[in-house]
Amino acid sequence: MTNNNNNNNNHKQNNNLIQGFGTRAIHAGQDPDPATGAVIPPISLSTTFTQPSANAHQGYEYTRAANPNRNAFETAIASLEGAEYASAFSSGTAVITAILSILPAGSHLIASDAIYGGTYEAFSKIAIKQGIETTIIDLREPSHLTKLLKPNTKLVWIETPSNPTLRIDDIQAIAKYTHEQDAFLVVDNTFMTPYFQNPLQLGADIVMHSVTKFINGHTDVLMGVAATNRIDLHQELQYIQNFMGGVPSPFECYLARRGLMTLEVRMQRHEQNAFRLADYLLQHPQVTQVHYPGLNSHPQHTLAAKQQKGFGGMLSFTIKGNLNNVNALFQHLSLVKVATSLGGVESLVSSPAYTSHARLSQSLRDTLGITETLIRVSVGIESIEDLLADFKHALENAY
Ligand SMILES: *Cc1c(COP(=O)(O)O)cnc(C)c1O
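Residues numbered from 1 in each chain as written. Predicted model: local features only at pLDDT ≥ 70, side-chain atom pairs only at ≥ 80, totals over all residues. Heavy atoms only, no water.

**Quick notes on the overall build of the chain**
- When helices and strands are counted, the chain shows 14 helices and 14 strands.
- Its C-alpha atoms give the chain principal-axis dimensions of roughly 75 × 50 × 40 Å.
- Residues classed as buried in the chain amount to 55% of the 399 residues present.
- The contacts in the chain between residues at least 6 apart in sequence include a share of 73% that link residues at least 24 apart.
- When the accessible area of the chain is evaluated, it comes to approximately 16800 Å², of which 52% is carbon and sulfur surface.
- Charge separation in the chain, taken as the distance between the mean sites of 27 positive and 33 negative side-chain charges, equals 2 Å. (Helix = DSSP H or I, 4+ residues; strand = E, 2+ residues; numbered from the N terminus. Buried < 20%, exposed > 50% of the residue type's maximum accessible area, 1.4 Å probe, protein only. Contact = heavy atoms within 4.5 Å. Areas by Shrake-Rupley, 256 points an atom, 1.4 Å probe, with all protein chains shown as cover. Lys, Arg positive; Asp, Glu negative; His and termini not counted. Charge placed at Lys NZ, Arg CZ, Asp CG, Glu CD.)

Take a look at the structure:
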């Protein structure tokens, strides 16, 4: 499958040629250091910055408010998402709670029920303590929003494709209904990254990422980011970033900015490998179901193809048998590791029912298709023959 990621390329704005994705991923917000000429700007660990006078500064005062490495990262993300502004936080979860913090008490929020387990916790437990009313519901039929939106609805939150069954929500349609009320739409774009999906161009007001996953891509940084074109929302997020203080360190911003430089080639390879693995699993006699939006058999393949520029590196599948067979399979994987994160260069498998979604009720897990034999795969960028051989061996020995 080739992706048609040309939408961002070769069109003009303000008479400046907009550069291609790969170019911006390397260069946006990252000029050589003017003091030394260093091609890669240094890590600015200083917490404070000298001022030329009592009432002036040179762009930086105190590192919680702004830091050169954080700025470089935020500028790059804004460029890649086609956003004016971006704000980085100490985790994806800190982005979620920052966005909750800009809602006035007494607000109502609506979230898709196919969201990350931690987002579900924040909305079902923390939001309520802040006096925010929450509706968590299946949004695959966007017109249902007309009945769900209330005068105090301020926020609609979706994640697409969702974790772990790769369900797709229609960003454009949901944005349209959201804006009929005075509410804003947030899209968690962690699975797609800006390479495969740009929610702001489809009408979302904020796009957020757990940078921890594909954006950093090397399983060694915990971080989050939110990007927007709305100055009002940006100012609120900047205020929360500074005065709730959940900011990433300069070193993490440096690493994440470095990770971004290879985002394009990594995502291309993640997708290539995911297609090969999905095809392999699909024809395996012990595999009962494969969830991958790139497959024609995915119930929302057409919608995915319409709003995405590719299908990404995440898939999940169910096997015959029970938890014992899942454990046997996991024990016989050797290259692929059993661990709960995703989006790194290395392949990982996990059992959503016992990890990311363990805190949900059994009935909600059943509704979402998160059964005990559902296995999530974050398909890495190893040589595909080695990945296929590892899964072949493990499936053979799982029974
Ligand atoms: C991991 C994840 C989060 C939370 O991000 P952290 O960086 O772990 O705090 C949110 N949404 C999605 C889709 C995720 O995968």
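What follows picks up the thread again.
**Thoughts on the side chain of D170**
- Relative to the helices and strands, D170 is located in the loop between β6 (153-159) and α6 (171-180).
- Buried D170, no salt bridge; nearest opposite-charge side chain is K306, N-O distance 4.1 Å.
- In this structure the side chain of D170 is engaged in a polar contact, spanning 3.3 Å, whose partner is the backbone nitrogen of Q172.
- Apart from the residues within four sequence positions on either side, D170 is in contact with P142, L303, K306 and Q307. (Salt bridge = Lys/Arg side-chain N within 4 Å of Asp/Glu carboxyl O. Polar contact = N/O pair within 3.5 Å; in protein donor to acceptor, adjacent residues only side chain to side chain.)

**Quick notes on helix α3 (residues 92-101)**
- Of all 10 residues in α3, 7 are buried, a share of seventy percent or more.
- Among all positions in α3, only G92, A94, V95, I96, A98, I99 and L100 are buried.

**Some points on helix α9 (residues 250-260)**
- Within α9 the residues assigned to the buried category are P250, C253, L255, A256, R257, G259 and L260.
- Elements that come into contact with the buried residues of α9 comprise α1 (21-27), α2 (68-81) and α10 (263-282).

**Things to note about the pairing of β6**
- Where burial is concerned, most of β6 is hidden: 6 out of the 7 residues are buried.
- One ladder, built from 4 bridges, connects strand β4 (residues 108-112) with β6; its direction is parallel. By the bridge assignment for β6, H108 is matched with T153.
- As paired strands, β6 and strand β7 (residues 184-188) are joined by 5 bridges and run parallel to one another. Each residue of the ladder has a partner; that of W157, found in β7, is V186.
- The handedness of the β6 to β7 crossover, carried by α6, is right-handed. (Pairing = 2+ DSSP bridges. Right-handed = clockwise from strand over helix to strand, strands pointing away.)

**With respect to the environment of F191**
- Take F191: it is sitting in the loop between β7 and α7 (193-196).
- Put simply, F191 and I110 are 81 residues apart on the chain and 21 Å apart in space, counted from C-alpha to C-alpha.
- Leave out the neighbours within four places in its chain, and F191 touches P161, S162, N163, L166, F214, M267, M314 and L342.

**Considering the domain arrangement of the chain**
- Segmenting the chain into domains produces domain 1 (5-260) and domain 2 (263-396).
- Centre-to-centre separation of domain 1 and domain 2, based on C-alpha positions: 26 Å.
- Contacts between the two partners involve 43 residues from domain 1, matched on the other side by 41 residues from domain 2.
- Considering only the side of domain 1, the residues that lose the most area to domain 2 are I168, F196 and F214, jointly responsible for 22% of the buried surface there. (Domains from an automatic or database assignment. Buried area = accessible area lost by both parts, 1.4 Å probe.)

**Points about the sheet that holds strand β14 (residues 374-378)**
- Spatial strand order, β10-β11-β14-β13-β12: 5 strands in an open sheet with mixed pairing. The open sheet has two edge strands with one neighbour each: β10 (287-291) and β12 (337-338).
- As judged from the 4 bridges shared by β10 and strand β11 (residues 314-319), these two strands associate in the antiparallel manner. Counted as the bridge partner of V287 is I319 from β11.
- Relative to the sheet, α10 contacts β10, β11 and β14, its axis offset from that of β11 by approximately 15°. (Axes fitted to C-alpha atoms, helices over the stretch in contact; angles between N-to-C directions.)

**Focus on the packing of aromatic side chains**
- A complete count under the given rule lists 9 aromatic pairs for this structure.
- A ring pair is formed by Y239 and F243, whose centres lie 4.9 Å apart and whose planes are at 50°; its orientation type is tilted. With Y239 and F243 both in helix α8 (residues 231-244), this residue pair falls 4 residues apart, about one helical turn. We note that Y239, like F243, is exposed.
- Taking the centre distance of 6.0 Å and the plane angle of 85° together, the rings of F275 and F311 count as edge-to-face. With F275 in helix α10 and F311 in the loop between α11 (301-307) and β11, the pair connects residues that are 36 residues apart, well separated along the chain. (Phe/Tyr/Trp six-rings, centres within 6.5 Å; stacked < 30°, edge-to-face > 60°.)

**Considerations on the site of the ligand**
- Residues in contact with the ligand amount to 13 residues; listed here are only the nearest, T93, D188, S210, T212 and K213.
- In the model, an oxygen atom of the ligand is placed 2.9 Å from a nitrogen or oxygen of the G92 main chain.
- One of the side-chain N or O atoms of S210 is found 2.8 Å from an oxygen atom in the ligand.
- In the complex, 95% of the free accessible area of the ligand, which totals 380 Å², lies under the protein chains.
- Taking a 2 Å distance to the grid points as the criterion, the majority of the atoms of the ligand fall inside the second largest pocket.
- When the residues that make up the shell around the ligand are grouped by side-chain class, the tally is 4 nonpolar, 6 polar and 3 charged. (Near = heavy atom within 4 Å. 1 Å grid on protein atoms, 1.4 Å probe; cavity = no way out; pocket = protein on both sides within 12 Å on 5 of 7 lines; lining within 4 Å. Sits in = over half its atoms within 2 Å of the grid points. Nonpolar A, V, L, I, M, F, W, Y, C, P; charged D, E, K, R; others polar.)

**Let's talk about the pairing of β4**
- With 5 of 5 residues buried, β4 is to be regarded as a mostly interior element.
- Burial of β4 is two-sided: the residues H108, I110 and S112 facing one way and the residues L109 and A111 facing the other way are all buried.
- Looking at chain direction, β4 and strand β5 (residues 133-137) are connected through 5 bridges and run parallel. Across the sheet, residue I110 finds its bridge partner in β5, namely T135.

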